[in-house]
Amino acid sequence: MVLLLFVDLDPELSALGSLGGFFVLHTGVPPRAPLPTLAQAYASPRDDDPRDVWSDPLNFRVRKVAASLRAPEPRIAVSVAQQGLAARLWSVSLGAAALYGQLPDLDPGLLRWDPDGSAPDDLWLSEVRALPVAAIGEVVRDGHLAPLAAALRTRHRMSEGLLWGNAGSALAGAWRQLHRWAEANGRTDVADRARALAADLFTHPDLSATVDPRTLRRRSCCLYYRLPGGGLCGDCCFDRPPGRTPGRTPGGAPGRR
């Protein structure tokens, strides 16, 4: 029998800070207020001014990623941007569920997003409201990842399978990081809870075929290898970048989540 050491959600969600920057969720009013909510980001854009985060937050983020990575194709930047946001949402929710035994309500209307920011300063939760852990799939998969994928596919030509593959990879990455933290800190209760939650989440049809359940190696490609100097991610479905000669594969991105 494992003793589960849970504490109640606190107004600052301070326990998440020990897990690393990707797991941190700021609460209250962002210092750069006002920022759009994720609900507004998922909605149809009112226009598309490249200088204005409010006009189309998703495309603003995609352009930022494209410029930063020198992406030769828009869909590479879309993929990287979407996987980054998916990783943040899975990390925050899985981390809170494993540590607190409760889930903060991550309703898209409560989450303010800075598409020009990076973790952990990109997300701000307006109000901390507790939900049961069992709601994690509904909150993240249905409440965020499905509308995010739909919004991106209305703006860009993207494969639905690629986007759900990114979501599965992001979930596996959050699970692995929680497991490493739990082992380093002697918290077998956290490791067990995270494993059980992730395993259950992977039974959903949208996620069940995204990664190998034994190795957590993904079954689709995020396109990272197409970037200048880009190689293979640590969980890539390929053994070497397509179209490249064996022995000439550049260094990949083992730390990408």
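Below: a short report on this structure. Bear in mind that the values here come from a model prediction, so they are computed numbers and not experimental data. (Residues numbered from 1 in each chain as written. Predicted model: local features only at pLDDT ≥ 70, side-chain atom pairs only at ≥ 80, totals over all residues. Heavy atoms only, no water.)

What follows covers the packing of helix 3 (residues 74–100) against helix 6 (residues 188–201). At their nearest, the axes of helix 3 and helix 6 sit 8 Å apart, and the two run at 130 degrees to each other. Compared by their axis directions, helix 3 and helix 6 come out oblique. In terms of crossing hand, the pair formed by helix 3 and helix 6 is right-handed. In contact with Trp90, Leu94, Ala97, Ala98 and Leu99 of helix 3, helix 6 contributes Val190, Arg193, Ala194, Leu197, Ala198 and Leu201. Tallied by class, the residues present in the contact of helix 3 with helix 6 amount to 10 nonpolar, no polar and one charged. (Axes fitted to C-alpha atoms, helices over the stretch in contact; angles between N-to-C directions. Helix = DSSP H or I, 4+ residues; strand = E, 2+ residues; numbered from the N terminus. Parallel < 35°, antiparallel > 145°, perpendicular 65-115°, else oblique. Left-handed = near helix turned anticlockwise from the far one by under 90°. Contact = heavy atoms within 4.5 Å. Nonpolar A, V, L, I, M, F, W, Y, C, P; charged D, E, K, R; others polar.)

For the rest of this paragraph, the subject is the packing of helix 3 against helix 4 (residues 136–155). Orientation of helix 3 relative to helix 4, taken along the N-to-C sense of each, is 170 degrees, at an axis distance of 11 Å. Compared by their axis directions, helix 3 and helix 4 come out roughly antiparallel. Facing Val78, Gln82, Leu85, Ala86, Leu89, Trp90, Ser93 and Leu94 of helix 3, the residues of helix 4 in contact are Ile136, Val140, Arg141, His144, Leu145, Leu148 and Leu152. Residues that form the contact of helix 3 with helix 4 fall into these classes: 11 nonpolar, three polar and one charged.

What follows is about the environment of Leu201. In this structure, Leu201 sits in helix 6. The spatial distance from the C-alpha of Leu201 to the C-alpha of Ala134 is 9.9 Å, given a sequence separation of 67 residues. Residues in contact with Leu201, not counting those within four places in the same chain, are Trp90, Ile136, Gly137, Arg141, Leu171 and Leu207.

For the rest of this paragraph, the subject is the sheet that holds strand 3 (residues 111–113). As summarised here, the arrangement of the three strands in space is 1-4-3, forming an open sheet in which the pairing is mixed. Only two strands of the sheet have a single partner each, and these edge strands are strand 1 (26–27) and strand 3. (Pairing = 2+ DSSP bridges.)

Let us now look at unusual backbone geometry. Cis geometry marks the peptide bond from Ala119 to Pro120; its omega dihedral reads 5 degrees. Tracing the sequence through the fold places Pro120 in the loop between strand 3 and strand 4 (123–125). With a phi angle near 50 degrees, Leu13 is a residue other than glycine that sits in the positive phi range. Tracing the backbone through its elements, the reader meets Leu13 in the segment before strand 1. In this structure, Arg70 is a non-glycine residue whose phi angle is positive, near 55 degrees. Its location among the elements puts Arg70 in the loop between helix 2 (57–69) and helix 3.

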